[in-house]
Amino acid sequence: MPAVGIPTSGNNKEYVGNLTPYVLATCIVAAMGGLIFGYDIGISGGVTSMDSFLKKFFPAVYRKKEEDKTTNQYCQYDSQTLTMFTSSLYLAALIASIIAATVTRKFGRKLSMLFGGLLFMAGAIINGAAKAVWMLILGRMLLGFGIGFSNQSVPLYLSEMAPYRFRGALNIGFQLSITIGILVANVLNYFFAKIHGGWGWRLSLGGAMVPALIITIGSLVLPDTPNSMIERGQHDEAKAKLQRIRGVDDVSEEFSDLVAASDASKQIEDPWRNLLKRKYRPHLSMAILIPFFQQLTGINVIMFYAPVLFNTIGFGSDASLMSAVITGSVNVLATMVSIYGVDKWGRRFLFLQGGAQMLICQAVVTACIGAKFGVDGTPGELPKWYAIVVVIFICTYVAGFAWSWGPLGWLVPSEIFPLEIRSAAQSVNVSVNMIFTFIVAQIFLTMLCHLKFGLFLFFAFFVFVMSIFIYYFLPETKGIPIEEMGRVWRTHWYWKRFVSEEEDHPNGGYEMGKAGQTVKNV
């Protein structure tokens, strides 16, 4: 067997172009689309730990938490209504991502971003003004529609705009925005929870209008990608745009390849059905398995319910929000490590190192919580130093995720799809992500109640499995132009049986060769 997962082709195309201030500013603005996703992840967990919020909308949970001090700590938040408030967003995002695939393909990435911002803003307004649980659920669904559109379009936009040598770092700007959104939400929750009168949760939920405004305004000022413009027949404008974002006049080779890919994609009448073809087996597998595994790292358990989790392991209500701020800060800093290293060390190295780090931390946290809580969930007086140890290992776990599965779970799928299936495959990626985010969010508290400290072992098992999957089945995509990605599958020990040079693309083996020419790998 050849070196596992590593492409061996010796014919590597290199397009001209620089990392211009124009494309850097453009990618920074576009990446801010991640703020709405991150803000929501951070806000939902913090708000559900606020007593005033629970008393108004989920009084049964509040009574179980506050009035029955003998309640098993593992089960005090076990409420399907409460988890439906959090997870209903992801069902809506699933539906929106399917619609967004058509919008993104036919009308461009910018329009999807605009829809995402407007829908998210409407949801924020309804949630901030909520008087009943049904208003909360409606607002969450609108937030979900917004996230579905933005998560469909922003990673594609970044991968298409960025020069291939810097694609990893610029694309991870999306994940960095997610982590910043989580951190900002945690900080706001910490201070809003202190507002006298108990209405701070309205500011937390309504504050989502700010990141919504950012992506809405950004979508109006951003340029379209050359790939999208060519796809819609705007060849002259696309070439001028490509010259500007690459900072050079001679972009004929890359432009010809973009046109060739667009011509090939237009021969595809139904990209959804086309996804099922044998030659797209590796792409479809990654579009399903990477987001599936990303959610089963257990990270959303930490980020959704960090305040709840810390409260459960012995922190007071105020201290639990502060602990969530700490994990949010670690998340941001560790994502910056990924931005620095993803195009230097490669995707596979970060995946595998982060997986090993998460696995070790999950084992330690399991031992710590199991030793003190046992199976009955009554720890008695928990020493402060003990709780600090748990927080340290949780932060180390968060860091491992933040420079591996967090950013790479969005980067790798967005860069491996050929243009003819790109929007549909990205929709599959987002849909699977949202399905399993919904499932994990909906059943986590029930699983915590029944599996107790064994819940962390449940996620640790999947971290082990996904690391094995990455080692054997994911080829390295560092430094390969996005429109030439087909060769990594043709040289992979396993996937080459599905993708032969003859069937991969009509222009001779490259996913994109020069228009009218045959370019072969040797």
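If you're wondering where the values come from, they're calculated on a predicted model, not measured in any experiment. (Residues numbered from 1 in each chain as written. Predicted model: local features only at pLDDT ≥ 70, side-chain atom pairs only at ≥ 80, totals over all residues. Heavy atoms only, no water.)

**Re the overall build of the protein**
Stage number 1. Per the secondary structure count, the protein includes 24 helices and zero strands.
Stage number 2. By sequence separation, contacts in the protein at least 24 residues apart represent 81% of the contacts at least 6 residues apart.
Stage number 3. Total accessible area on the protein is roughly 18400 Å²; 67% of this is exposed by carbon and sulfur atoms. (Helix = DSSP H or I, 4+ residues; strand = E, 2+ residues; numbered from the N terminus. Contact = heavy atoms within 4.5 Å. Areas by Shrake-Rupley, 256 points an atom, 1.4 Å probe, with all protein chains shown as cover.)

**Considerations on the packing of aromatic side chains**
Stage number 1. Applying the stated rule across the entire model yields 30 aromatic pairs.
Stage number 2. Relative to Phe459, the ring of Phe458 has its centre 5.2 Å away and its plane inclined at 75°; by these criteria the two rings are edge-to-face.
Stage number 3. On the accessibility criterion, Phe458 (31% relative accessible area) is partly exposed.
Stage number 4. Directly above the ring of Phe57 sits Lys56, whose terminal nitrogen or CZ lies 5.7 Å from the centroid. (Phe/Tyr/Trp six-rings, centres within 6.5 Å; stacked < 30°, edge-to-face > 60°. Buried < 20%, exposed > 50% of the residue type's maximum accessible area, 1.4 Å probe, protein only. Lys NZ or Arg CZ within 6 Å of the ring centre and 35° of its normal.)

**Looking at a positive patch on the surface**
Stage number 1. Among the surface-exposed residues, Arg278, Arg281, Lys496 and Arg497 lie close enough to one another that they form a single positively charged patch.
Stage number 2. Among the structural elements, Lys496 can be located in the loop between helix H23 (486-490) and helix H24 (501-504). (Patch = residues over 30% accessible without salt bridge, like charges linked within 9 Å, V, L, I, M, F, W, Y side chains within 5 Å. Salt bridge = Lys/Arg side-chain N within 4 Å of Asp/Glu carboxyl O. Lys, Arg positive; Asp, Glu negative; His and termini not counted. Charge placed at Lys NZ, Arg CZ, Asp CG, Glu CD.)

**Notes on the layout of surface pockets**
Stage number 1. Space inside the second largest pocket adds up to approximately 200 Å³.
Stage number 2. For the lining of the second largest pocket, the element with the most residues is helix H8 (residues 167-192), which contributes six residues.
Stage number 3. Residues that form the lining of the second largest pocket fall into these classes: 12 nonpolar, two polar and no charged. (1 Å grid on protein atoms, 1.4 Å probe; cavity = no way out; pocket = protein on both sides within 12 Å on 5 of 7 lines; lining within 4 Å. Points joined across faces, edges and corners; volume = space filled by probe spheres on them. Nonpolar A, V, L, I, M, F, W, Y, C, P; charged D, E, K, R; others polar.)

**Observations regarding the packing of helix H2 (residues 34-47) against helix H7 (residues 133-161)**
Stage number 1. At a minimum axis distance of 9 Å, the contact between H2 and H7 shows a crossing angle of 145°. Here H2 and H7 pass one another in a crossing that is left-handed. Between H2, through Ile36, Phe37, Asp40 and Ser44, and H7, the contact on the second element is made entirely by Arg140, Leu143, Gly146, Ile147, Ser150 and Asn151.
Stage number 2. Taken together, the residues of the contact of H2 with H7 break down into four nonpolar, four polar and two charged. (Axes fitted to C-alpha atoms, helices over the stretch in contact; angles between N-to-C directions. Left-handed = near helix turned anticlockwise from the far one by under 90°.)

**Here's the deal with the pattern of salt bridges**
Stage number 1. Using the criterion set out here, one finds 10 salt bridges in the structure.
Stage number 2. A salt bridge links Glu160 to Arg109; the nearest nitrogen and oxygen atoms lie 2.6 Å apart. In this pair, Glu160 is assigned in helix H7 and Arg109 in helix H6 (residues 109-128), connecting sequence segments 51 residues apart.
Stage number 3. The class of Glu160 is buried, set by a relative accessible area of 3%.
Stage number 4. Residue Arg109 is classed as buried on the basis of its relative accessible area of 0%.
Stage number 5. The partner of Arg167 in a salt bridge is Glu415, with the nearest N and O atoms 2.7 Å apart.

**Side note on the nonpolar core**
Stage number 1. Among the nonpolar cores identified, the biggest contains 123 residues, and Phe53 and Trp405 are the most heavily contacted of them.
Stage number 2. The leading source of residues in this core is helix H21 (residues 422-451), at 12 residues.
Stage number 3. Non-local contacts of Phe53, meaning those with residues more than four positions away in its chain, are made with Val47, Thr48, Phe58, Phe85, Leu136, Trp201 and Leu205. (Core = buried A, V, L, I, M, F, W, Y, C linked by side-chain atoms within 4.5 Å.)

**Brief notes about helix H12 (residues 235-246)**
Stage number 1. In a regular helix each residue adds 1.5 Å, so 12 residues correspond to 16 Å; H12 covers 16 Å between its end C-alpha atoms and thus fits that length.
Stage number 2. Of all the positions in H12, only Ala238, Lys241, Leu242, Ile245 and Arg246 are classed as buried. Taken end-on, H12 shows its buried residues confined to a sector of 120°, consistent with a single buried face. (Expected span 1.5 Å × (residues − 1). Arc of directions from axis to C-beta.)

**Here's the deal with helix H10 (residues 209-221)**
Stage number 1. An ideal rise of 1.5 Å per residue puts 18 Å on 13 residues; H10 measures up with 19 Å between its terminal C-alpha atoms.
Stage number 2. Considering only its buried residues, H10 is in contact with helix H1 (21-31), H2, H6 and H7.

**Topic: the state of the cysteines**
Stage number 1. Scanning all chains against the criterion turns up zero disulfides.
Stage number 2. Free of any disulfide, Cys361 has its nearest cysteine sulfur in Cys395, 9.7 Å distant.
Stage number 3. Using a relative accessible area of 4% as the deciding quantity, one classes Cys361 as buried. (Disulfide = S-S within 2.5 Å.)

**Here's the deal with the environment of Val463**
Stage number 1. As for its position among the elements, Val463 is in helix H22 (residues 454-473).
Stage number 2. Judged by its relative accessible area of 1%, Val463 is buried.
Stage number 3. Ignoring anything within four residues of it in the chain, the contact list for Val463 reads Thr297, Gly355, Met358, Leu359 and Gln362.

**Things to note about the environment of Leu82**
Stage number 1. By the secondary structure assignment, Leu82 is in helix H5 (residues 80-107).
Stage number 2. Assessed through its relative accessible area of 3%, Leu82 is described here as buried.

**Brief notes about a nonpolar patch on the surface**
Stage number 1. Taken together, the side chains of Leu19, Leu24, Ile28, Met32, Phe166, Val210 and Ile214 present a nonpolar region at the surface, about 520 Å² in accessible area.
Stage number 2. Checked against the element boundaries, Met32 lands in the loop between H1 and H2.

**What to know about the confidence of the model for the protein**
Stage number 1. Residues at a pLDDT of 70 or more form 83% of the protein, whose mean pLDDT is 81.
Stage number 2. The least confident element of the protein, judged by mean pLDDT, is H24 at 47; the most confident is helix H15 (residues 281-295) at 93.
Stage number 3. Below pLDDT 50 for its whole length, residues 1-11 participates in 31 contacts with residues either more than four positions away or in separate chains.
Stage number 4. Of the regions scoring below 50 in pLDDT, residues 502-522 engages in 70 contacts with residues more than four places distant in sequence or in other chains. (pLDDT = per-residue confidence, 0-100.)

**Observations concerning the packing of H7 against helix H20 (residues 405-416)**
Stage number 1. Running from amino to carboxyl end, H7 crosses H20 at an angle of 70°, the nearest separation of the two axes being 9 Å. The pairing of H7 with H20 is recorded here as roughly perpendicular in orientation. For the pair H7 and H20, the sense of crossing is right-handed. Residue-level contacts link Asn151, Pro155, Leu156 and Ser159 of H7 to Trp410, Ser414 and Glu415 of H20. (Parallel < 35°, antiparallel > 145°, perpendicular 65-115°, else oblique.)

**Describing the environment of Val210**
Stage number 1. As for its placement among the helices and strands, Val210 is situated in helix H10.
Stage number 2. Overall, the relative accessible area of 52% leaves Val210 in the exposed class.
Stage number 3. The spacing of Val210 and Leu35 is 175 residues in sequence and 9.4 Å in space, taken between C-alpha atoms.

**Observations concerning the side chain of Glu254**
Stage number 1. Within the element layout of this structure, Glu254 appears in helix H13 (residues 252-266).
Stage number 2. Here Glu254 is in contact with Tyr15, Val16, Leu242 and Arg246, once residues within four sequence places are set aside.

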